[in-house]
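Report on the structure
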Amino acid sequence: MRQAVSTGMASAGNGPYSQAILAGNYLYVSGQGPLDSTGDIVPGSIEEQTKLTLQNIREIVEAGGFTMDQVVKVGVYLSDLQHFQRFNEVYVAFFQAPMPARTCIEAGLNGILVEIDVIAYRQQVETKASL
């Protein structure tokens, strides 16, 4: 079973996809960029775009009933790998140890410096009814 998750606190995007999909104990968040809630690109430095992108992700993760501490995998796409160190300086403020597994690649992004997608996981809580 899968269920769409969305929030007006992050960009809805402009394509045929969901902000996130909840499937069992996993939340799959679609690639997010430095967009405001209306879908407009917010220009700025790699630090500013990374912060806004991760704030959008946090809003979607929380709308799905998860926390950033439950993010287990992060995919990062940078327009230029020369931004890597400056990106990391912002990134570390959004996660705690143990840090999520992560992939970071250089990609041709259309007018933005960064795009990020995540997967979050939570253990199923057993209730007395399920025992």
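These numbers were taken from a predicted model, which means no experiment stands behind them.

1. Comments concerning the sheet that holds strand 5 (residues 101-106)
Think of a sheet as strands paired side by side through backbone hydrogen bonds, with each pair either parallel or antiparallel. Overall, mixed pairing links the six strands, which are arranged 1-2-3-6-4-5 in an open sheet. At either margin of the open sheet sits one strand with a lone partner, and together these are strand 1 (2-5) and strand 5. Adjacent strand axes in the sheet meet at a mean angle of 15 degrees when their direction is disregarded. In this sheet, strand 6 (residues 114-121) lies alongside strand 4 (residues 71-78) in antiparallel orientation, the contact comprising seven bridges. Residue pairing in the sheet places Tyr-77 in a bridge with Glu-115 of strand 6. On top of the sheet, helix 1 (residues 46-63) reaches strand 1, strand 2 (20-23), strand 3 (26-32), strand 4 and strand 6; it is set at about 30 degrees to strand 6, its chief contact. Together, strand 4, strand 5 and strand 6 form the strand contacts of helix 2 (residues 84-91), whose direction differs from that of strand 5 by roughly 145 degrees.

2. Some words on the layout of surface pockets
Estimates place the volume of the largest pocket at around 270 Å³. Taken together, 16 residues form the lining of the largest pocket, with Tyr-17, Gly-33, Leu-35, Ile-112 and Glu-115 sitting closest to its centre. Classifying every residue of the lining of the largest pocket gives six nonpolar, nine polar and one charged.

3. A few points about the packing of helix 1 against helix 2
Here helix 1 crosses helix 2 at 40 degrees, and the two axes come no closer than 9 Å. In terms of orientation, helix 1 lies oblique with respect to helix 2. Regarding helix 1 and helix 2, the two cross each other, and that crossing is right-handed. Counted together, Ile-46, Glu-47, Thr-50, Lys-51 and Leu-54 of helix 1 and Arg-86, Phe-87, Val-90 and Tyr-91 of helix 2 form the full contact between these two elements. Partitioned by chemical class, the residues of the contact of helix 1 with helix 2 number five nonpolar, one polar and three charged.

4. A word on the packing of aromatic side chains
Enumeration according to the criterion identifies four aromatic pairs in this entry. Aromatic side chains Tyr-91 and Phe-95 sit 4.8 Å apart centroid to centroid with 40 degrees between the ring planes, which places their arrangement in the tilted category. Summarising the burial analysis for this pair, Tyr-91 and Phe-95 share the class buried. Three or more aromatic residues link up through ring pairs in this structure, and these residues are Tyr-26, Tyr-28 and Tyr-121. Arg-102 extends its terminal NZ or CZ atom over the ring of Tyr-91, reaching a point 4.5 Å from the ring centre. Residue placement shows Arg-122 over the ring face of Phe-66; its charged tip is 4.0 Å from the ring centre.

Reading the values: the criteria
- Residues numbered from 1 in each chain as written.
- Predicted model: local features only at pLDDT ≥ 70, side-chain atom pairs only at ≥ 80, totals over all residues.
- Heavy atoms only, no water.
- Pairing = 2+ DSSP bridges.
- Helix = DSSP H or I, 4+ residues; strand = E, 2+ residues; numbered from the N terminus.
- Axes fitted to C-alpha atoms, helices over the stretch in contact; angles between N-to-C directions.
- Contact = heavy atoms within 4.5 Å.
- 1 Å grid on protein atoms, 1.4 Å probe; cavity = no way out; pocket = protein on both sides within 12 Å on 5 of 7 lines; lining within 4 Å.
- Points joined across faces, edges and corners; volume = space filled by probe spheres on them.
- Nonpolar A, V, L, I, M, F, W, Y, C, P; charged D, E, K, R; others polar.
- Parallel < 35°, antiparallel > 145°, perpendicular 65-115°, else oblique.
- Left-handed = near helix turned anticlockwise from the far one by under 90°.
- Phe/Tyr/Trp six-rings, centres within 6.5 Å; stacked < 30°, edge-to-face > 60°.
- Buried < 20%, exposed > 50% of the residue type's maximum accessible area, 1.4 Å probe, protein only.
- Lys NZ or Arg CZ within 6 Å of the ring centre and 35° of its normal.

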